[in-house]
Amino acid sequence: MEKARIAVMVSGGGTNLQALIDARISGIIKSGEICLVISNSHTAFALERARKAGIKTFSVTKKELGSQEAFEKAVIDELEKEKIDLIILAGFLSILSKDFTDRYKRRIINIHPSLIPSFCGDGYYGLKVHEAALAKGVKVTGATVHYVNEIPDGGEIILQKAVYIRKNDTAETLQRRVMEQAEWKILPAAAEICSKEIINSKEK
Ligand code: GAR
């Protein structure tokens, strides 16, 4: 069976990448294959996880290339070389330009650690999202997988999962629970949904 060719873009620890790798092994992702992991940091631990799983890695920084445009060009070259169908932003903490997102309409998805439209958009990433949820005093938070367009965290929602906040949660304990109960579940599920859609559209 033909599989959608997936690239995962990462910046840090890569626990969401790990969830995707594990989901391939456990059979949750049947219609897609992770062929490439791209990072905007040479030292991201996520790259280690990819190498351990035998997945090709590519890392490049905006700083060494001098501009966002040059960074995106290098990424696009790599995506084309690997004939990538679906791009998954899994803890990729840099904003992509409109040129980039227009080029891959409905072909880029992102995991965000809140229930969009709460605590999202410019400046909301990683622990900051959970700090904002705790500061507001919401009782329920969660995670969202959505298509990526030119508006940060603004694309169509694919899947969401709610997580209850506990009285003595810190941003760190909440982040961990949102990952365990929501992110690591809905990201692989969304990867399968989108891969299947791509394969079906190719067969038509
Ligand atoms: C995850 O919680 C992910 O949802 C978040 O960064 C973390 C990366 O962890 N992404 C964003 O905040 C995007 N706006 P990981 O590297 O262990 O997957």
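Above this note sits the structure.
Quantities reported herein were computed from a predicted structural model and do not represent experimental measurements.

Give me the site of the ligand: which residues, what numbers.
Taken together, 14 residues lie near the ligand, and G14, T15, N16, G126 and E183 sit nearest. Contacts to the ligand include G14, whose backbone N or O atom sits 2.8 Å from an oxygen atom. Here N16 contributes a side-chain N or O atom positioned 2.9 Å from an oxygen atom of the ligand. If you list the elements that add at least two residues to the shell around the ligand, you get α1 (15–26), β5 (108–112) and α7 (171–203). Residue classes in the shell around the ligand are distributed as six nonpolar, seven polar and one charged.

Explain the nonpolar core to me, and be specific about the residues and the numbers.
In terms of nonpolar packing, the biggest core is built from 37 residues, with V8, V37, I88 and I109 touching the most fellow members. In terms of residue count, α7 provides more of this core than any other element does, 10 residues in total. Leave out the neighbours within four places in its chain, and I88 touches I6, A7, V8, M9, L20, I109, L187 and A191. Among the nonpolar cores identified, the runner-up in size contains 21 residues, and A7, M9, V60 and F92 belong to it.

Could you give me a rundown of the packing of aromatic side chains, with the residues and numbers involved?
Under the definition given, this model contains one aromatic pair. Between F100 and Y104, the ring centres sit 5.3 Å apart and the planes meet at 50°, which makes this aromatic pair tilted. In this structure, F100 and Y104 share a single accessibility class: buried. Positioned above the aromatic ring of Y147 is the side chain of R106, whose terminal nitrogen or guanidinium carbon lies 4.4 Å from the ring centre.

About the cut-offs
Residues numbered from 1 in each chain as written. Predicted model: local features only at pLDDT ≥ 70, side-chain atom pairs only at ≥ 80, totals over all residues. Heavy atoms only, no water. Near = heavy atom within 4 Å. Polar contact = N/O pair within 3.5 Å; in protein donor to acceptor, adjacent residues only side chain to side chain. Helix = DSSP H or I, 4+ residues; strand = E, 2+ residues; numbered from the N terminus. Nonpolar A, V, L, I, M, F, W, Y, C, P; charged D, E, K, R; others polar. Core = buried A, V, L, I, M, F, W, Y, C linked by side-chain atoms within 4.5 Å. Buried < 20%, exposed > 50% of the residue type's maximum accessible area, 1.4 Å probe, protein only. Contact = heavy atoms within 4.5 Å. Phe/Tyr/Trp six-rings, centres within 6.5 Å; stacked < 30°, edge-to-face > 60°. Lys NZ or Arg CZ within 6 Å of the ring centre and 35° of its normal.

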